[in-house]
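These are the residues of each chain, in order.
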Amino acid sequence: MSRTLTGLIAALSAALLLAPAAQAEIREQHIKFAAANSKGHPQVMGMEKFAAIVAEKSGGKITVQLFPGGTLGGDVQTLSGLQGGIVEMTVMNAGILAGNAPAFGAVDLPFLFDTPQEADAVMDGAFGNHLLELLPAKGLVGLAYWELGFRNLTNNRHPVAKVDDIKGLKIRTIQSPIPIALFNALGANAVPMPYPELYGALETGTVDGQENPSANIINAKFYEVQKYLTLTRHQYNPQIVLVSKAFWDKLNDEERAVLQSAATEARDYQRQVSREADARALDEIRANGMEVTELPPEEVAKLRAATAPVVEEFRPKIGDDTISLLQAELDKLRKK
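In short, a report on the structure. Numbering of residues starts from 1 in each chain and follows the order in which that chain's sequence is written. Given that this is a predicted model, residues contribute local features only at a pLDDT of at least 70 and side-chain atom pairs are listed and counted only at 80 or more, while totals for whole chains, interfaces and linings are drawn from all residues. Calculated side-chain values reflect all of the structure's heavy atoms, with hydrogen atoms and water omitted.

### Considerations on the pairing of strand E4 (residues 140-155)
Here the term buried applies to any residue with accessible area under 20% of the maximum for its type, exposed to any over 50%, and partly exposed to those in between, with areas from a 1.4 Å probe on protein chains only. In this text, helices come from DSSP runs of H or I with a minimum length of four residues, and strands from runs of E with a minimum of two, each type numbered from the N-terminal end. For E4, a buried count of 16 out of 16 residues is recorded, marking the element as mostly surrounded by other parts of the structure. Two strands form a pair only when DSSP identifies at least two bridges running between them. Here E4 runs beside strand E8 (residues 228-244); their pairing, made up of 13 bridges, is antiparallel. When the bridges of E8 are listed, Phe-150 appears paired with Tyr-236. Two strands pair when backbone bridges link them, and E4 and strand E7 (residues 209-212) are joined in this way by four bridges, in the antiparallel orientation.

Rendered as structure tokens:
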């Protein structure tokens, strides 16, 4: 037998021995994965993709049970569940973490990103990694950034065709300080509220309106309780896939690698379906009877000017180092 053939047989034998050994390191695990949006939403489609990839990569040993639609509570409640080790995973707007790590408030700053692709590059790069490094000290581990998209304003009182039309409206925002400050700066009355409670609040008139990406308006059927949509695109929401650190610390390297690679693979799929849904959503919104207004450039400029002080207001809390890193990453992209 030649030396080459002997070496090849030895290499193949080693590979066959290693593969079962590696697989044997993955133990039976059960993961509760919670989120606020309902089945059919791009967020939940990403969760479904993640669960399928985990099952495949773990040989069926790690099972992921999905809890969409806020069945385990709103985002803030779910986040507390992760920190307490009651819930293993969630996906939510990254800006919500500003209450735990103030630097995350940077992603909520108004008119931050020009395109989804710009957001991808920033969040998948040095800036996004900088934020992830802050989480273990808060009882959390971040695996990947998915997307919710650009947020638009709806209300049930009158069309918003200019910035002054926002004044006096009661607008539900996510439970995060920057969106609250943003709408108060526009003269609205910001009302922070868990997402699962929003439809009922709109239906009863507890709030006049809300702000979410178009795909959410379709998925949550807000068109049933809202008449007017204005394409403000005032914020872009990266979402973050989170794991309870208490759970993560119990996993071995092979199990962690399965979850990390699955979150990254599912990210690309989730972003794609999110953007496809957003492209379709406006036609669906109009077909369901909502009146859609696009602001003229001069009103967009007024909107930017009115919300610009929010950046300076939160700069000390977010941190100059974080904002400088974010701006540097954006500058690099925009010079290409």
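Let us keep going from here.
### Structural notes on the nonpolar core
Note that soluble globular proteins tend to have their nonpolar side chains buried in a common cluster. Of all hydrophobic cores here, the largest spans 40 residues; its most connected members are Phe-104 and Ile-240. Breaking this core down by element, the ones donating at least two residues are helix H3 (75-83), helix H4 (116-123), helix H5 (126-132), E4, helix H6 (177-185), E8, helix H11 (297-318) and helix H12 (320-335). Per-element tally for this core: the top contributor is H11, with four residues. Grouped together as the second largest cluster of nonpolar side chains are 28 residues, Ile-53, Ile-62, Val-141 and Leu-251 included. We call a set of buried residues a nonpolar core when its members are Ala, Val, Leu, Ile, Met, Phe, Trp, Tyr or Cys and they connect through side-chain atoms within 4.5 Å of each other.

### Overview of the environment of Lys-245
For Lys-245, the position within the fold is in helix H9 (residues 245-248). With 109 residues separating them in the primary sequence, Lys-245 and Pro-136 have C-alpha atoms 6.6 Å apart. Whether two residues are in contact is decided by their heavy atoms, any of which lying within 4.5 Å being enough. Look past the residues within four positions of Lys-245 in its chain and what remains in contact with it is Pro-136, Gly-139, Leu-140 and Val-141.

### Topic: the pattern of salt bridges
The salt bridge definition used is simple: a Lys or Arg side-chain nitrogen within 4 Å of an Asp or Glu carboxyl oxygen. Evaluated as defined, the whole model comprises 21 salt bridges. As a salt-bridge pair, Lys-39 and Glu-48 come within 2.6 Å of each other at their nearest N and O atoms. Among the residues examined, Lys-39 registers a relative accessible area of 63% and is labelled exposed. In this structure, Arg-157 engages Asp-208 in a salt bridge whose closest nitrogen and oxygen atoms are separated by 3.2 Å. Placement of the pair is Arg-157 in the loop between E4 and strand E5 (170-173) and Asp-208 in the loop between helix H7 (198-204) and E7, with a sequence separation of 51 residues. Classification of Arg-157 as partly exposed rests on a relative accessible area of 46%. Each of Asp-120, Asp-124, Glu-147, Arg-267, Asp-268, Arg-271 and Arg-275 takes part in one network of salt bridges that share partners.

### Here we look at the side chain of Thr-78
On the secondary structure map, Thr-78 appears in helix H3. Those residues in contact with Thr-78 that sit more than four places away from it in its chain are Ala-34, Leu-72, Gly-73 and Thr-90.

### Details of unusual backbone geometry
Backbone geometry places Phe-111, a non-glycine residue, at a positive phi of 50°. Examined against the element boundaries, Phe-111 turns out to sit in the loop between strand E3 (89-93) and H4. A positive phi angle, close to 60°, is found at Lys-221, a residue other than glycine. For Lys-221, the location among the structural elements is in the loop between helix H8 (214-219) and E8.

### Quick look at the packing of aromatic side chains
Side-chain rings of Phe, Tyr and Trp (the six-membered ring for Trp) are treated as a pair once their centres are within 6.5 Å; stacked means planes under 30 degrees apart, edge-to-face means over 60, and tilted covers the remaining angles. Scanning the model with the defined rule gives four aromatic pairs in all. Aromatic pair Phe-113 and Tyr-236: ring centres 5.8 Å apart, planes at 90°, arrangement edge-to-face. Of this pair, Phe-113 sits in the loop between E3 and H4 while Tyr-236 sits in strand E8; the two residues are 123 residues apart in sequence, bridging distant segments of the chain. For the residue pair Phe-113 and Tyr-236, the accessibility class agrees, reading buried in each case.

### Regarding the packing of helix H2 (residues 42-57) against helix H10 (residues 253-287)
Axis geometry follows a simple rule: fit a line to the C-alpha atoms, using only the stretch in contact for helices, then measure angles between N-to-C directions, giving values from 0 to 180 degrees. In the contact formed by H2 and H10, the axes pass within 8 Å of each other and the chain directions differ by 150°. By the angle between their directions, the pair H2 and H10 is classed as roughly antiparallel. Handedness of the crossing formed by H2 with H10: right-handed. Along its contact with H2, which presents Pro-42, Gln-43, Met-45, Gly-46, Lys-49, Phe-50, Ile-53, Val-54 and Lys-57, the element H10 presents Val-258, Leu-259, Ser-261, Ala-262, Ala-263, Glu-265, Ala-266, Tyr-269, Gln-270, Val-273, Ser-274 and Ala-277. Residues are sorted three ways: Asp, Glu, Lys and Arg are charged, Ala, Val, Leu, Ile, Met, Phe, Trp, Tyr, Cys and Pro are nonpolar, and all the rest, Gly among them, are polar. Residue composition of the contact of H2 with H10, by class: 13 nonpolar, five polar and three charged. When describing relative orientation, an angle under 35 degrees is termed roughly parallel and one over 145 degrees roughly antiparallel, while 65 to 115 degrees is termed roughly perpendicular and anything else oblique. Should the near helix be turned anticlockwise from the far one by less than a right angle, the crossing is left-handed, and should it be turned clockwise, the crossing is right-handed.

### Points about the packing of H6 against H11
With their axes 9 Å apart at the nearest point, H6 and H11 run at an angle of 150° to one another. Between H6 and H11, the angle is such that the two are roughly antiparallel. The interaxial crossing formed by H6 with H11 has right-handed handedness. Across the interface between the two elements, Pro-177, Ile-178, Ala-181, Leu-182 and Ala-185 from H6 touch Ala-306, Thr-307, Val-310, Glu-313, Phe-314 and Ile-318 from H11. Of the residues belonging to the contact of H6 with H11, the class tally is nine nonpolar, one polar and one charged.

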